[in-house]
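Next come the chains, spelled out residue by residue.
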There are 2 protein chains.
Amino acid sequence: MTEADRKTWQAVQDEVRRYISARIWKPGELIPHEAELALQFGCARATVNRALRGLAEAGLLERRRKAGTRVALNPVRRAAFSIPIIREEIESTGQRYGYKVFLREMRVPPPDVQARLQLSGADKILHLQTLYTADNRPYVFETRWINSIAVPDVLNADFDMLSPNEWLVREVAFDGGDFTVSGVAATREEAAVLACKPGEGLLVLERTTRQGDNMITAVRLLFHPGYRMHTRC
Amino acid sequence: MTEADRKTWQAVQDEVRRYISARIWKPGELIPHEAELALQFGCARATVNRALRGLAEAGLLERRRKAGTRVALNPVRRAAFSIPIIREEIESTGQRYGYKVFLREMRVPPPDVQARLQLSGADKILHLQTLYTADNRPYVFETRWINSIAVPDVLNADFDMLSPNEWLVREVAFDGGDFTVSGVAATREEAAVLACKPGEGLLVLERTTRQGDNMITAVRLLFHPGYRMHTRC
DNA sequence: CAGATTATTATGTACGCACATAAACACAAA
DNA sequence: TTTGTGTTTATGTGCGTACATAATAATCTG
């Protein structure tokens, strides 16, 4: 090695983590400023900056110009769940992925969907209901509305080879949206589709996707009983 | 202004976003390398690097040394849900925060909790059940196990002023853990506590917290009916 | 021609410097 | 006392250079 102990920004980050973890720098407390830490660690200020910026993004530190950097009072607050891509999720567990489009129609969506898609009046748009399966057992039931006014091509798509989601990912560039997670009890119809008992508790993921100013699609994913969304941090 | 059009890394990032969004650079495609982009945008390579690194972290680009940078095939939709801090969440909506410790006992936890806390044999640890309220209406029911072997001080804590969570945040430095989200139907007992009907669908957030190699606490938060965890991206 | 070796190349990171910017602070004027 | 107005200071960012590193491409070798 050219230099035995050249400080990388990761090394600085680890060191700072230790200081926080060991409560040498206590929650809410101001820590030394970048220039001083650079001197202490024997590296450039840019390196310290990189390290601290990362920790701030992770929510461990709070930084404000002139005010300085302090240890966050309530550390672990945000956890990044990676939104599952159904196909990958199923295939990664070695199960066989499949899906079946139950329903495909043009219809005026219910008011909540109208609002989410920013539709006016009585526009009919594409409505799809799809069941995704893992080894032929129900995995997740998808109810999807596609703004076919913004994406007219979708009307010509057949979803034999590509699921609605995969078709959209391929054909449309998304640049944002929102997610909502909640819990519901299965209705009789939902229970029938998911092959479970009515009233079972299920996880619901709702998701709206946008391209520029156009709202493209609104989805509701109803997962099979026992499904858990998991993440470390 | 000193210089009208000095390129910031954010400007570069926006530009690249537009290229991707407009499908000038298509999914899976290789984009020009940093040096070339720097030349194009009229800025330093470090600036381009910063911009592209950010987009890669966001899942929009995939970068590998020597291989270059390409537009991600399936923009990895990872959503950073901010784990709710109950008190803040309630008070931010203008409601009155309150809580009541229902149960406090030493007990051998069930096997799943034993596993999550890496406890051996028949260790008795602290078990708490707390109901958090918003304007006196049930908000979330917390079932918490605290590894009182690793945190003996907790046995002397009274939870009159500080909720168990707040006590822990103040007294113990966490540095990691994991989260699980799922949906369940309310049992009769849970329905009684949350003042809802048995069988209603509820969101459950489970969370384990670690300090170094010690597992500190395992919590199960059972939210009131209609609760939604929400995020934009 | 397969397999090992070496060159090439794009990203990753460090440094030192300069200046921009936000915010806390001190001080002066109304 | 309040309201401006400057000053100070810590972070934020940009630049150019240098070198590290990983992975591909090219070349040599048995």
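Owing to the predicted nature of the structure, the values given are computational and were not obtained by experimental measurement. (Residues numbered from 1 in each chain as written. Chains lettered and ligands numbered in written order. Predicted model: local features only at pLDDT ≥ 70, side-chain atom pairs only at ≥ 80, totals over all residues. Heavy atoms only, no water.)

Caption draft 1: Structural context of helix 2 (residues 34-41) of chain B. All names here are of chain B. All buried positions along helix 2 are accounted for by Glu 34, Leu 37, Ala 38 and Phe 41. Burial along helix 2 is one-sided: seen end-on, the buried residues are contained in an arc of 105 degrees. As for helix 2, its buried residues are in contact with helix 1 (9-21), helix 3 (45-57) and strand 1 (61-64). Phi turns positive one or two residues past the end of helix 2, at Gly 42, with a value near 70 degrees. (Buried < 20%, exposed > 50% of the residue type's maximum accessible area, 1.4 Å probe, protein only. Helix = DSSP H or I, 4+ residues; strand = E, 2+ residues; numbered from the N terminus. Arc of directions from axis to C-beta. Contact = heavy atoms within 4.5 Å.)

Caption draft 2: Region of interest: the interface of chain A and chain B. Of the residues lining the interface, 51 residues belong to chain A; the matching set on chain B comes to 50 residues. Across the contact surface, chain A and chain B share four salt bridges. One salt bridge in this structure joins Asp 178 of chain A and Arg 232 of chain B, with 3.8 Å as the shortest N-O distance. The tally of links between chain A and chain B comes to 16 residue pairs in polar contact (both at pLDDT 80 or more). Counting residues per element, the ones that place at least two in the side of chain A that touches chain B are helix 1 (9-21), helix 3 (45-57), strand 4 (78-82), helix 6 (164-171), strand 8 (176-185), strand 9 (201-211) and strand 11 (229-232) of chain A. (Salt bridge = Lys/Arg side-chain N within 4 Å of Asp/Glu carboxyl O. Polar contact = N/O pair within 3.5 Å; in protein donor to acceptor, adjacent residues only side chain to side chain.)

Caption draft 3: Structural detail: the sheet that holds strand 11 of chain A. Strand order in this open sheet of seven strands is 11(A)-7(B)-8(B)-9(B)-6(B)-5(B)-4(B), and the pairing throughout is antiparallel. Unpaired on one side and paired on the other, strand 11 of chain A together with strand 4 (97-107) of chain B mark the two borders of the sheet. When strand polarity is set aside, the average angle formed by the axes of neighbouring strands in this sheet is 15 degrees. Pairing between strand 11 of chain A and strand 7 (residues 176-185) of chain B: four bridges, direction antiparallel. Note that in strand 7 of chain B the partner of His 230 of chain A across the bridge is Thr 180 of chain B. In the packing of helix 6 (residues 164-171) of chain B onto the sheet, contacts are made with strand 4, strand 5 (125-134), strand 6 (137-146), strand 8 (201-211) and strand 9 (214-223) of chain B, and the angle to strand 6 of chain B comes to roughly 50 degrees. (Pairing = 2+ DSSP bridges. Axes fitted to C-alpha atoms, helices over the stretch in contact; angles between N-to-C directions.)

Caption draft 4: Quick look at the packing of aromatic side chains. Following the criterion strictly, the structure yields 17 aromatic pairs over all chains and no others. Pairing Tyr 139 of chain A with Tyr 227 of chain A gives two aromatic rings, centres 6.0 Å apart and planes at 80 degrees, and the pair type is edge-to-face. On the criterion of sequence distance, the pair formed by Tyr 139 of chain A in strand 7 (residues 137-146) and Tyr 227 of chain A in the loop between strand 10 (214-223) and strand 11 is long-range, its members being 88 residues apart. Between Tyr 99 of chain B and Tyr 132 of chain B the ring centres are 5.9 Å apart and the planes differ by 40 degrees, which places this aromatic pair in the tilted class. Note that Tyr 99 of chain B is positioned in strand 4 and Tyr 132 of chain B in strand 5, a separation of 33 residues in sequence. The burial state of Tyr 99 of chain B is the same as that of Tyr 132 of chain B; both residues are buried. Taken together, Tyr 97, Tyr 99 and Tyr 132 of chain A form an aromatic cluster joined through their ring pairs. (Phe/Tyr/Trp six-rings, centres within 6.5 Å; stacked < 30°, edge-to-face > 60°.)

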